[in-house]
Amino acid sequence: MAYETIEVRVEADKVGVITLNRPKQLNALNDQLMNELGEALKAFEADEKIGCMVITGSEKAFAAGADISAMAKYSFADAYRGDFITRNWETIRSIRKPVIAAVSGFALGGGCELAMMCDFIIAADNAKFGQPEIKLGVIPGAGGTQRLPRAISKSKAMDMCLTARMMDAAEAERSGLVSRVVPLDKLMEETLAAAITISGFSQITVMAAKEAVNRAYEGQLSDGLMFERRLFHSLFATQDQKEGMDAFLNKRPANFTNQ
Ligand code: CO8
């Protein structure tokens, strides 16, 4: 299948690599990209010779979040009735083979959430993670409020979600958000080495190990995600969401009115 917003390749005959490819928008995640990502993941899942997958971006950005220009005019009805996120962001949760995120540059908002949906994250030393949605008048909508506390503690998760600050790679490693940090020019080499190691094991055993770790990790996650989703949808009913996104797109400070 021909993709427009991602690039797909196979390494060492057994690792499926997906590169997010909307460079002008810093890999902002729109519907087309999330649909294509889902299709590529499912194709690698179905390919017997693939033992592990890698999702990566560019040096500057893994992904700078969900596409704000696509979301800016959403109403609550658009978000809720259109099942915004569930419709194409959750394919990755159904993938049973391991998926590694190789993150360099910005992983913000939905980009940070996408990285956290992967089984583990290997970060380049220039990686920056953040959940800046609050600046736009919304909250994380693809698992940020649920996966961050599990990954890095409630206190750090609150700090990230409430102040919108970015966390650098060293702090992300200290906090347990990423499994390792490597020099930028070694990111793909190290990630591929891990993916090739995994691909050398029994696929059944690998899937069982992934399933077991997720079992420990995911208790009650579905309730939390649904709760978060409905809150996220409801914020499209506020004027502050319109203001926050319009301000970003027009490169001006936001003037929130609590409406
Ligand atoms: N959406 C749309 N366009 C974007 C986004 C984005 N998230 N991020 C960057 N861009 C665009 C910019 O508008 C700019 O476009 P143009 O050249 O046409 O003006 C281009 O990418 C380059 O960006 P900058 O000029 O801003 O580059 P800088 O190096 O100065 O800054 C930053 C880089 C810091 C990453 C900055 O671009 C930024 O702050 N981006 C927005 C980050 C953000 O707020 N992310 C959260 C988005 S909301 C979200 O993810 C909600 C998730 C909910 C779940 C998913 C639902 C689908």
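Refer to the structure above for everything that follows.
Owing to the predicted nature of the structure, the values given are computational and were not obtained by experimental measurement.

Enquirer: Help me understand the overall build of the chain in this model?
Expert: What the chain contains, in helices and strands, is 12 helices and 10 strands. For 259 residues, the compact-globule estimate of 2.2 N^0.38 gives 18 Å, and the chain sits close to it at 18 Å. Burial analysis of the chain (259 residues in total) assigns 49% to the buried set. Residue pairs at least 24 apart in sequence account for 71% of intrachain contacts in the chain once pairs closer than 6 positions are excluded.

Enquirer: What should I look at first to understand the pattern of salt bridges in this one?
Expert: Between side chains of opposite charge, a pair can form as their charged atoms come close. For the structure shown, the criterion picks out 14 salt bridges. Here Asp159 ties to Arg165 by a salt bridge, and the two come within 3.1 Å at their closest N and O atoms. The exposure class of Asp159 is partly exposed, given its relative accessible area of 28%. The salt bridge partner of Glu243 is Arg252, with a shortest N-O separation of 2.8 Å. Each of Lys156, Asp159, Arg165 and Glu171 takes part in salt bridges that share partners, so that together they form one network.

Enquirer: Before we go on, may I ask you to explain the site of the ligand in this structure?
Expert: Neighbouring the ligand are 27 residues; Lys60, Ala66, Ile68, Gly110 and Lys251 lie closest to it. Measuring from a nitrogen atom of the ligand, one finds a backbone N or O atom of Ala64 at 3.0 Å. The side chain of Lys251 places a nitrogen or oxygen atom 2.8 Å from an oxygen atom of the ligand. In isolation the ligand offers 1100 Å² of accessible surface; the protein chains occlude 74% of this area. Residue assignment for the shell around the ligand shows that the elements contributing at least two residues are helix 2 (68–71), strand 6 (106–108) and helix 5 (110–117). Residue classes in the shell around the ligand are distributed as 16 nonpolar, 5 polar and 6 charged.

Enquirer: What is the right way to read a negative patch on the surface from this model?
Expert: On the surface, Glu59, Asp125, Asp185 and Glu189 cluster together to form a negatively charged patch. Relative to the helices and strands, Asp185 is located in the loop between strand 10 (180–182) and helix 9 (187–199).

Enquirer: Looking at this structure, I do not really get the sheet that holds strand 8 (residues 128–130). What am I missing?
Expert: Working definition: the strands of a sheet are paired by backbone hydrogen bonds and lie parallel or antiparallel to each other. Here 4 strands make up an open sheet; going across it, the order is 4-6-8-9 and the pairing mixed. At either end of the open sheet lies a strand with only one pairing partner, and these are strand 4 (61–63) and strand 9 (167–168). Both strand 4 and strand 6 contribute to a ladder of 2 bridges, which runs parallel. Within the sheet, the bridge partner assigned to Ala63 lies in strand 6 and is Ala107.

Enquirer: How should I be thinking about the sheet that holds strand 5 (residues 99–103) in this particular structure?
Expert: Pairing is mixed in the open sheet, where 6 strands are placed in the order 1-2-3-5-7-10. Strands with a single pairing partner mark the edges of an open sheet, and in this sheet they are strand 1 (6–11) and strand 10. For this sheet, the mean angle separating the axes of adjacent strands, direction not counted, is 20°. Two elements, strand 5 and strand 7 (residues 120–124), share 4 bridges in a ladder whose sense is parallel. Opposite Ala102, over in strand 7, you have Ile122 as the bridge partner. Where helix 9 meets the sheet, it contacts strand 1, strand 2 (15–20), strand 3 (52–56), strand 5, strand 7 and strand 10, and its direction lies at approximately 170° from that of strand 5.

Enquirer: I keep staring at unusual backbone geometry and nothing clicks. Help me out?
Expert: Peptide bonds are mostly trans, and most non-glycine residues show a negative phi. Of note, Ala12 is a non-glycine position whose phi angle comes to about 55°, a positive value. On the accessibility criterion, Ala12 (40% relative accessible area) is partly exposed. We note that Lys251 has phi near 55°; this positive angle belongs to a residue other than glycine. Residue position: Lys251 is located in the segment after helix 12 (239–249).

What counts, and where the lines are drawn
- Sequence positions are assigned chain by chain, starting from 1 and proceeding in written order.
- The predicted origin of the model limits local features to residues at a pLDDT of at least 70 and limits the giving and counting of side-chain atom pairs to 80 or more, whereas totals for whole chains, interfaces and linings rest on all residues.
- The side-chain values count all of the structure's non-hydrogen atoms but skip hydrogen atoms and water molecules.
- Strands are runs of DSSP state E lasting at least two residues, helices are runs of H or I lasting at least four, and both sets are numbered from the N terminus onward.
- Radius of gyration here is computed from C-alpha atoms only, and the compact-globule reference equals 2.2 Å multiplied by the residue count raised to the power 0.38.
- Three labels apply to residues, based on accessible area from a 1.4 Å probe with only protein chains included: buried if under 20% of the type maximum, exposed if over 50%, partly exposed otherwise in between.
- Whether two residues are in contact is decided by their heavy atoms, any of which lying within 4.5 Å being enough.
- When a carboxyl oxygen of Asp or Glu is within 4 Å of a side-chain nitrogen of Lys or Arg, the pair counts as a salt bridge.
- It suffices for a single heavy atom of a residue to lie within 4 Å of a molecule or strand for the residue to be listed as near it.
- What qualifies as a polar contact is a pair of N or O atoms within 3.5 Å, subject to a donor-acceptor requirement within protein and to the restriction that residues adjacent in sequence count only when both atoms come from side chains.
- Only the protein chains shown count as cover for residues, with accessible areas throughout obtained via the Shrake-Rupley method and a probe of 1.4 Å.
- When residues are sorted by character, Ala, Val, Leu, Ile, Met, Phe, Trp, Tyr, Cys and Pro go into the nonpolar class, Asp, Glu, Lys and Arg into the charged class, and all the rest, Gly among them, into the polar class.
- Patch membership requires more than 30% relative accessible area and the absence of a salt bridge. Residues of like charge join within 9 Å; the nonpolar side chains Val, Leu, Ile, Met, Phe, Trp and Tyr join within 5 Å.
- Counted as positive: Lys and Arg. Counted as negative: Asp and Glu, with His and the chain ends omitted from the count.
- One atom stands in for each charge, and that atom is NZ of Lys, CZ of Arg, CG of Asp or CD of Glu.
- Whether two strands pair depends on DSSP finding at least two bridges between them.
- Here, axes are lines fitted to C-alpha atoms. For helices the fit covers the stretch in contact, and angles between N-to-C directions go from 0 to 180 degrees.

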